[in-house]
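What the coordinates show
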Amino acid sequence: MAEEGDHVENISDVEQSHHESASENGVMLVVNHSNIQPPFSVVLATLLYCAEFVCAAVLCNVYHKSDDDIWMGSTIAFMLVPAVLTQLALTFIHRDLGRDRPLVLFLHLLLLGPLIRCFEALVVYFKAGKEEEPYVTISRKIKLKKDQATPMEWEIGHSERKLATHRNAFKRTAVIQAFLGSTPQLTLQLYANIQEKYFLPIRLTLMVICLISITYGALVCSVLAINIRYDDYKVRLRPAAYLCMILWRGLEIATRITSLVLFSSALTYWVILVGLGNLLFFFLQPWAEFWARRASLPDNVEKNFSKLGTTVVLLLVTFLYACINVFCWSAVQLDLGHRDLIEMKQHWGRLAAYYGGRFLENSVLITLWYFYKSDFYSYVCAPLLVAQLLICYSLAVLFMLLFYQFCHPCRRLFRHNVHDCLACVCCCRRGVGRAGEGHPHSYSTTATMVLVLLEPPDLQPPDLTSQLGEHETAIVEDMEAA
């Protein structure tokens, strides 16, 4: 959503085989030797795009042969709309309209833009390191390791910058593909399975690909939120963090879509009101906050944009934000008056309100389905299915808490951890004002969640303490602001 600093956002993709030297001001200078990691994210996003498009086209042919015009038309719509938006996003990010690249533009017209972009990224990767190249910019980040924070500088060459541009472009298109294409496509095909009462192999394949695409899109949202919110820090997620996020996002999305489809099979027209109500709420929320703050539109979304063009872009961003929140937590809150369009402060109260409200809504939808379900479910143990869905969503929330408690890459910058949050909620319910008593930090075993600078002030860089302090989050203030 925010493109500022994108050329240095993916510095963690550079292999850590480099030469380090300390400069006069205590900043560690890192000189890379073009040891770049392969663009796996670009290849994965391209494979998901092609696989979903091909499977949807084959399924449309099956619907055409069986004269299922409604299913075929809906499948085509959910196949073409995200594909066209993906081409527009890639063209806009790479700024190809002002360049003489007719072949690339022609392939975008044929909806083959991701293929040529992936090929370009692979060519850049295989050519990197064959000849020495001067750096084009320097990235300054703070590296967090245990209880130490070390400011560092990276020299970024042409190849690193080009690959970073490709990675950032495909991250944004993966989100567009996931929540404007894969999510409605998966919902439609699951509803078609229930209505037709049988499974087609190609339809089942498309559903699996869509679920993988949505999970990957939600994963990208979480990583982008961390990179944007902690832009001053070098962020590197460990495999345990990715595993935790995959389980969190997969269970959350699967449970949400299943609840909506089951509810729509019992009360078909009411699900339209539920969907539109969710969409309008999350679409209008950022604009209501924007008007309440009496902020002005940012003027750096694009240099050549007028006020009207900026407004159109913000409306599209808000619509994507609303579509994401209908099915899962977007991991960010929009601030339409901020230059990055992202609210940098982590609002734990909003996170708790979202998951609490979503759990309640899913419970109501499943309960209504239980009482109004058709005879088709007579061979299904309905109480067990209801219990499984509620347990799966509870597990999703559990994995989210585990991620923030143990696996978040910047958890040392949190002033309070998840244990403190739960303790604060319990204290508020009991009417005990422990928040202002100044008692010690959490006694949990994850003491690294609390920011404690063990080094003396004279051993730290001059501005390090202030930089770290800007990212501290007071949990009581967050809950009150929410």
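All values derive from a computational prediction rather than experimental measurement.

1. Things to note about the overall build of the chain
Along the backbone of the chain there are 14 helices and 4 strands. Per-residue burial for the chain yields a buried fraction of 50% across its 482 residues. Sequence separation of 24 or more characterises 75% of the internal contacts of the chain that already satisfy a separation of 6 or more. Of the roughly 24200 Å² of accessible surface on the chain, 65% is carried by carbon and sulfur atoms.

2. Structural notes on the nonpolar core
By size, the foremost hydrophobic cluster in this structure holds 68 residues, and its most contacted members are V175, F179, I257, L262, L320, I324 and W369. The dominant element in this core, judged by the number of residues it contributes, is helix α5 (residues 158-196), at 15 residues. Counting residues in hydrophobic clusters, the runner-up holds 41 residues, among them L144, I226, M245 and C407.

3. Some words on the packing of aromatic side chains
All chains considered together, the criterion is met by 17 aromatic pairs. Ring geometry for W287 and W291: centres 6.0 Å apart, planes at 40°, overall tilted. With W287 and W291 both in helix α8 (residues 270-293) and 4 residues apart, the pair spans about one turn of that helix. The class of W291 is exposed, set by a relative accessible area of 57%. Relative to Y393, the ring of F359 has its centre 6.2 Å away and its plane inclined at 40°; by these criteria the two rings are tilted. Taken together, the residues F359 in helix α10 (residues 348-372) and Y393 in helix α11 (residues 382-407) connect sequence positions 34 residues apart. Put simply, the rings of F281, F282, W329, Y354, Y355, F359 and Y393 touch in pairs and so form one group of aromatic residues. Across from the ring centre of Y198, 5.6 Å away, lies the NZ or CZ of R203, which sits over that ring. Of note, R249 hangs over the ring of W248, and the distance from its end group to the ring centre comes to 4.4 Å.

4. Quick word on the UniProt feature "transmembrane region" (unreviewed entry) in the chain
What UniProt calls "transmembrane region" (unreviewed entry) maps, in this numbering, to residues 42-64, 70-93, 105-126, 206-228, 269-288, 308-332, 352-372 and 384-406. As annotated, residues 206-228 comprises 100% helix and 0% strand, and the C-alpha atoms at either end are separated by 32 Å.

5. Re the pattern of salt bridges
Scanning the entire structure with this criterion turns up 10 salt bridges. The partner of R293 in a salt bridge is D335, with the nearest N and O atoms 2.7 Å apart. With R293 in helix α8 and D335 in the loop between α9 (307-327) and α10, this pair connects stretches of sequence that are 42 residues apart. Classification of R293 by relative accessible area gives partly exposed; the value is 40%.

6. Remarks on the confidence of the model for the chain
Taken over all residues, the pLDDT of the chain has a mean of 78, while the share at 70 or more is 74%. Within the chain, no element has a lower average pLDDT than helix α13 (residues 464-470), which sits at 37, and none a higher one than helix α1 (residues 40-65), at 94. In the predicted structure, residues 1-19 sits below a pLDDT of 50 and forms 69 contacts with residues beyond four places in sequence or in another chain. For the stretch residues 432-482, pLDDT sits under 50, and the model shows 81 contacts to residues farther than four places along the chain or on other chains.

7. Side note on the environment of Q333
Here Q333 shows up in the loop between α9 and α10. Residues Q333 and Y321, 12 residues apart in the sequence, show an inter-C-alpha distance of 8.6 Å. Once you skip the residues sitting within four places of it in the chain, Q333 turns out to touch R229, Y321, L341, I342, E343, K345, H347 and R350.

What counts as what
As a convention, each chain's residues are numbered from 1 in the sequence order in which they are written. Only residues with pLDDT of at least 70 get local features here, since the model is predicted, and only at 80 or more are side-chain atom pairs given and counted; chain-wide, interface and lining totals rely on the full set of residues. With hydrogens and water excluded, all non-hydrogen atoms of the structure serve as input to the side-chain values. Only runs of H or I of at least four residues qualify as helices and only runs of E of at least two qualify as strands under DSSP, and these elements are numbered from the N terminus. Under the scheme applied here, a residue whose accessible area is under 20% of the maximum for its type counts as buried, over 50% as exposed, and between as partly exposed, the area being computed with a 1.4 Å probe on protein chains only. Residue contacts follow a heavy-atom distance rule, with two residues in contact if any of their heavy atoms lie within 4.5 Å. All accessible-area figures derive from a Shrake-Rupley calculation using a 1.4 Å probe, and residue coverage is judged against the displayed protein chains alone. We define a nonpolar core as any set of buried Ala, Val, Leu, Ile, Met, Phe, Trp, Tyr and Cys residues linked to one another through side-chain atoms lying within 4.5 Å. Working definition: rings of Phe, Tyr and Trp (its six-membered ring) pair if their centres are within 6.5 Å, and the pair is stacked with planes under 30 degrees apart, edge-to-face with planes over 60 apart, and tilted otherwise. Criterion for a charge above a ring: Lys NZ or Arg CZ within 6 Å of the ring centre, and within 35 degrees of the ring normal. UniProt positions are given in the numbering used here, feature names are shortened, and annotations may be inferred rather than shown by experiment. Whenever Lys or Arg places a side-chain nitrogen within 4 Å of a carboxyl oxygen from Asp or Glu, that contact is recorded as a salt bridge. Confidence of the prediction at every residue is given by pLDDT, a number between 0 and 100.

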